[in-house]
Amino acid sequence: MNKTFEEYLREQNLSANTILSYMCAVSQYEKRYDKVTKKNLRDYKVHLIENYKPQTVNLRIRALNCYLESIQKTSWKLTTVKVQQKPFLENVISEADYLYFKNRLKQDGEIYWYFVVRFLAATGARVSELVQIKSEHVKIGYLDLYSKGGKLRRIYIPAALKKEALVWLSENNRQSGFIFTNRFGERISSRGLAGQLKKLALKYDLDPSVIYPHSFRHRFAKSFLDRYNDISMLADLMGHESIETTRIYLRKTSTEQQNIINQIVDW
């Protein structure tokens, strides 16, 4: 069952992280139920709602619905739950903290991690996309990725970052291959990268809750709109299917809202 489903997912051209996530979700279902029935599916949804956050519930439901598609039981697909969107962004690194972090990394000779942070914040790449960047992509200034439907998304590497990165790669004789590798010379894992960022946050006395890969993607979006207010272009750069997803970046972070309130409320 799992092997067949995994083959189906690969045929859909899904990312490795999505495949792993969907496989884990289906395995979790199998541990509770010995067969797929409408009743079991409904009971499982109730179990999810009672024990997990809405975002997690919807992820598991999407995984099961994908599985139902693979066995041609689309009429059994579950509906997702409504997620109440907060009127502010949470856990996004501020521009000041980002500048402090990257500058301290460079000053202390943490050049590898300096470039990890720079590439995340200057390209808007997801961590799963970041680890796919090769020296060849830096040389041409972009990385092309294709979505499930064959839609092209281009991740641009800004000229200043490209110039600086090429010097770094040349000094380390890295003319080809993945630029972010582990100590074994293999492409670094998303988990390993995120874990090291947390350690560096503590080292530099930064809030660990805002030092994680996706936070820098949020920083890219916020900084882009601050300097070039084109939400349609940002949606394309971020790889969002709907511009509605991108609209969250028009909102202030909770910290920004607090600062504004502190400044203007004098009544």
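You'll find the structure just up there.
I will try to describe carefully the structure that is included in this document. Computed from a prediction, not measured in an experiment: that's the story for all the values here. (Residues numbered from 1 in each chain as written. Predicted model: local features only at pLDDT ≥ 70, side-chain atom pairs only at ≥ 80, totals over all residues. Heavy atoms only, no water.)

A few words now on the nonpolar core. Counting 40 residues, the largest nonpolar core has Phe101, Phe119, Phe180 and Phe216 as its most contacted members. Only α5 (95-107), α6 (111-123), α7 (127-130), β1 (142-146), α9 (159-171) and α10 (190-203) provide two or more residues apiece to this core. With 10 residues, α6 is the single largest residue contributor to this core. Ignoring sequence-local partners within four residues, the contact set of Phe216 consists of Ile93, Tyr98, Phe101, Val117, Leu120, Ala121, Leu197 and Ile211. Grouped together as the second largest cluster of nonpolar side chains are 12 residues, Leu89, Phe224, Leu225 and Leu234 included. (Core = buried A, V, L, I, M, F, W, Y, C linked by side-chain atoms within 4.5 Å. Buried < 20%, exposed > 50% of the residue type's maximum accessible area, 1.4 Å probe, protein only. Helix = DSSP H or I, 4+ residues; strand = E, 2+ residues; numbered from the N terminus. Contact = heavy atoms within 4.5 Å.)

What follows concerns the packing of aromatic side chains. Aromatic rings in a pair are described by how distant their centres are and how their planes are angled relative to each other. Across all of its chains, the model carries 16 aromatic pairs by this definition. Taking 5.0 Å as the distance between ring centres and 35 degrees as the angle between the ring planes, the aromatic pair formed by Tyr29 and Tyr33 counts as tilted. The burial state of Tyr29 is the same as that of Tyr33; both residues are buried. Through successive ring pairs, a cluster of aromatic residues spans Tyr112, Trp113, Tyr114, Phe115, Phe119, Trp168 and Phe180. Across from the ring centre of Tyr142, 3.7 Å away, lies the NZ or CZ of Arg154, which sits over that ring. If you follow Arg187 out to its NZ or CZ, it ends over the ring of Phe178, 4.9 Å from the centre. (Phe/Tyr/Trp six-rings, centres within 6.5 Å; stacked < 30°, edge-to-face > 60°. Lys NZ or Arg CZ within 6 Å of the ring centre and 35° of its normal.)

Let us now look at the packing of helix α1 (residues 2-11) against helix α2 (residues 16-32). Packing of α1 against α2 brings their axes to within 10 Å, and their N-to-C directions diverge by 150 degrees. When the interaxial angle is binned, α1 and α2 end up roughly antiparallel. Judged by the twist between their axes, the crossing of α1 over α2 is right-handed. Contacts between α1 and α2 involve Asn2, Phe5, Glu6, Leu9 and Arg10 from the first element and Ile19, Tyr22, Met23, Val26, Ser27 and Glu30 from the second. Looking at the contact of α1 with α2 residue by residue, the classes come out as 6 nonpolar, 2 polar and 3 charged. (Axes fitted to C-alpha atoms, helices over the stretch in contact; angles between N-to-C directions. Parallel < 35°, antiparallel > 145°, perpendicular 65-115°, else oblique. Left-handed = near helix turned anticlockwise from the far one by under 90°. Nonpolar A, V, L, I, M, F, W, Y, C, P; charged D, E, K, R; others polar.)

All right, on to the packing of helix α3 (residues 38-51) against helix α4 (residues 54-70) then. Between α3 and α4, the least distance of the axes is 9 Å, while the angle of their chain directions is 160 degrees. Viewed along their axes, α3 and α4 adopt a mutual orientation that is roughly antiparallel. Seen from above, α3 lies across α4 with right-handed handedness. Between α3 and α4, the contacting residues are Leu41, Tyr44, Lys45, Leu48 and Ile49 on the first element and Val57, Arg60, Ile61, Leu64 and Leu68 on the second.

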